[in-house]
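# Structural overview
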Amino acid sequence: MRRLSRKKALNLVKELDAFPKVPESYVETTASGGTVSLVAFMAMALLAFFEFFVYRDTWMAYEYEVDKDFSSKLRINVDITVAMRCQFVGADVLDLAETMVASDGLQYEPVVFELTPHQRIWHRTLLLIQNRLREEHSLQDILLKSLLKGSPTALPPREMDNTQSPNACRIHGHLYVNKVAGNFHITVGKAIPHPRGHAHLAALVSHETYNFSHRIDHLSFGEEISGIINPLDGTEKVCADHNQMFQYFITIVPTKLKTYKISAETHQYSVTERERVINHAAGSHGVSGIFMKYDISSLMVTVTEQHMPLWQFLVRLCGIIGGIFSTTGMLHALVGFCVDVVCCRFKLGVYKPKEEGLLDAHNSQSPSLPETSE
């Protein structure tokens, strides 16, 4: 009984076979079929090879949510060179609540404003990347995926040259401010606290020394990550007048970055620039200097690097192999059908009638009768 049940089960499984085998003696192979099979196998191998590179590639996914963190501090990372001596300029932050933030984290370093040839090459390369980022936004995804901690994105150090005296001031460091709108500015004179806000000791500085030509080597918000290129990095402005005001209106977006190489919380920002000459007689009022007015967005962006799952890669691979196999088979059958129709209509090749063939052969083999003369 057990053998009978096993035999019935085996027969049932055989009946469910979706891939019946045909004996080789009943299979006819042709040169055209072999050619089509060879082309199909080559196409399968080529597309599978390219599909593997698609599987290895990653992409950046963006998600948006409301930023609920209001109690933490916002870090401002600054590296700006101003074409004035350090004793003549001062930098500080004044937020929306008229609260002056201490600038103890900033350092004032006397430097030469002009870049060395090596630094100028780095600066031009940075400007080229910035132009490409404005034209092709997908380049930002490539930069985010290739981030490496410690990668050299800062201005190369200056070679020692004792022949040039410092004529500029490099202001660099970081500040911690409240997560509200504020104004980071660099203007004439050192900042001093004031009961109604703040003030700068500008009266002791000669008007002829005003020169707010500047170069922004780096300006970012939040955790400083080497490898990220910010919109204002590499910006260089040269004054045409002593009373020049430069304004940068910045919108900051909190960002969580999650890639396979790094995970951090930072901030992205967009910027709008404006510059004008201060002329009170012409109605252009204000204070000479560099003003960066920033505002923080209420939305937070989560940037995640994603990868194609293995099951999806296998499904796409099966689709490529099965699709090419079925398509080439149908094309081969269609071409064969067309050839059969044409040959049958014009009676060519194997479709030529056998009687006509025998008659032609008989006529070609029959001897010719000799001519009789009368």
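Let me sum up the structure you'll find in this document. (Residues numbered from 1 in each chain as written. Predicted model: local features only at pLDDT ≥ 70, side-chain atom pairs only at ≥ 80, totals over all residues. Heavy atoms only, no water.)

Tracing the sequence through the fold places Q306 in strand 15 (residues 299-307). We classify Q306 as partly exposed; its relative accessible area is 30%. Sequence separation between Q306 and A61 is 245 residues; the distance between their C-alpha atoms is 6.8 Å. (Helix = DSSP H or I, 4+ residues; strand = E, 2+ residues; numbered from the N terminus. Buried < 20%, exposed > 50% of the residue type's maximum accessible area, 1.4 Å probe, protein only.)

F184, I186, L219, I250 and M292 are the most contacted members of the largest nonpolar core, which has 36 residues in total. Looking at this core, the elements with two or more residues in it are strand 2 (73-82), strand 3 (89-95), strand 6 (168-178), strand 7 (182-188), strand 10 (214-222), strand 12 (244-258) and strand 14 (289-296). Residues within four places of I250 in sequence aside, it is in contact with L219, F221, L232, Y269, S270, V271, M292, K293, Y294 and D295. One finds M60, L257, A264 and V303 within the second-largest nonpolar core, a separate group that totals nine residues. (Core = buried A, V, L, I, M, F, W, Y, C linked by side-chain atoms within 4.5 Å. Contact = heavy atoms within 4.5 Å.)

Attention shifts here to the side chain of N77. In this fold, N77 is placed in strand 2. The exposure class of N77 is buried, given its relative accessible area of 1%. At a separation of 2.6 Å, a polar atom in the side chain of N77 contacts the side chain of R75. In this structure, N77 is in contact with G173, H174, H218, L219, S220, F221, G222 and E224, ignoring residues within four places of it in sequence. (Polar contact = N/O pair within 3.5 Å; in protein donor to acceptor, adjacent residues only side chain to side chain.)

Bridging between strand 12 and strand 13 (residues 263-277) involves 15 bridges; their strand directions are antiparallel. When the bridges of strand 13 are listed, K256 appears paired with E265. Two successive antiparallel strands, strand 12 and strand 13, enclose a turn made up of four residues. Of the strand pairs in this sheet, strand 12 and strand 14 are connected by eight bridges, and their pairing is parallel. Directly across from M245, in strand 14, lies its bridge partner G289. In this sheet, strand 15 lies alongside strand 12 in parallel orientation, the contact comprising four bridges. Along strand 15, the bridge assignment pairs K258 with T304. (Pairing = 2+ DSSP bridges.)

Our focus in this paragraph is the pairing of strand 6. Successive side chains on a regular strand alternate, one facing one side of the sheet and the next facing the other. Bridge count for strand 2 against strand 6 is ten bridges, and the pairing is antiparallel. Opposite L74, over in strand 6, you have V177 as the bridge partner. Taken together, the six bridges between strand 5 (residues 106-111) and strand 6 define a ladder with antiparallel strand orientation. Each bridged residue has a counterpart across the sheet, and for P110 the counterpart in strand 6 is C169.

Inspection of the entire model under this criterion finds one disulfide. A sulfur-sulfur separation of 2.3 Å characterises the disulfide bridge that pairs C86 with C169. The S-S bond linking C86 to C169 shows a torsion near 105°; that makes this disulfide right-handed. Here C86, found in the loop between strand 2 and strand 3, pairs with C169, found in strand 6; they are 83 residues apart in sequence, far enough to count as distant. With respect to burial, C86 and C169 carry one shared label: buried. (Disulfide = S-S within 2.5 Å.)

Right, let's get into the side chain of K179. On the secondary structure map, K179 appears in the loop between strand 6 and strand 7. Of the polar contacts made by the side chain of K179, one reaches the side chain of D67; its length is 3.1 Å. In terms of polar contacts, K179 uses its side chain to reach the backbone carbonyl oxygen of D69, at 3.1 Å. Sequence-distant contacts of K179, defined by excluding residues within four places in its chain, comprise D67, D69, F70, S72, K73, L74 and I296.

A full pass over the atoms with the stated rule returns six aromatic pairs. Measuring from ring centre to ring centre gives 5.4 Å for F221 and Y269, while their planes differ by 85°; the resulting arrangement is edge-to-face. Of this pair, F221 sits in strand 10 while Y269 sits in strand 13, placing them 48 residues apart in sequence. What makes F221 buried here is its relative accessible area of 2%. Residue classification places Y269 among the buried positions, given a relative accessible area of 7%. Their ring planes at 50° and their centres at 6.0 Å tell us that F221 and Y294 sit as a pair that is tilted. Of this pair, F221 sits in strand 10 while Y294 sits in strand 14, and the two are 73 residues apart along the sequence. Summarising the burial analysis for this pair, F221 and Y294 share the class buried. An aromatic cluster is defined as three or more aromatic residues linked by ring pairs; in this entry it consists of F49, F50, F52 and F53. It is R215 that lies over the ring of F113; its NZ or CZ is 5.1 Å from the centre. (Phe/Tyr/Trp six-rings, centres within 6.5 Å; stacked < 30°, edge-to-face > 60°. Lys NZ or Arg CZ within 6 Å of the ring centre and 35° of its normal.)

Attention shifts here to helix 2 (residues 31-56). Each α-helix winds once per 3.6 residues, and so residues spaced three or four apart point in a common direction. For helix 2, which comprises 26 residues, the first-to-last C-alpha distance of 38 Å matches the rise-based estimate of 38 Å (1.5 Å per residue) to within 8%. Among the residues of helix 2, G33, A40, M44, E51 and Y55 are the ones counted as buried. (Expected span 1.5 Å × (residues − 1).)

No statement about biological role is implied by the geometric values presented.
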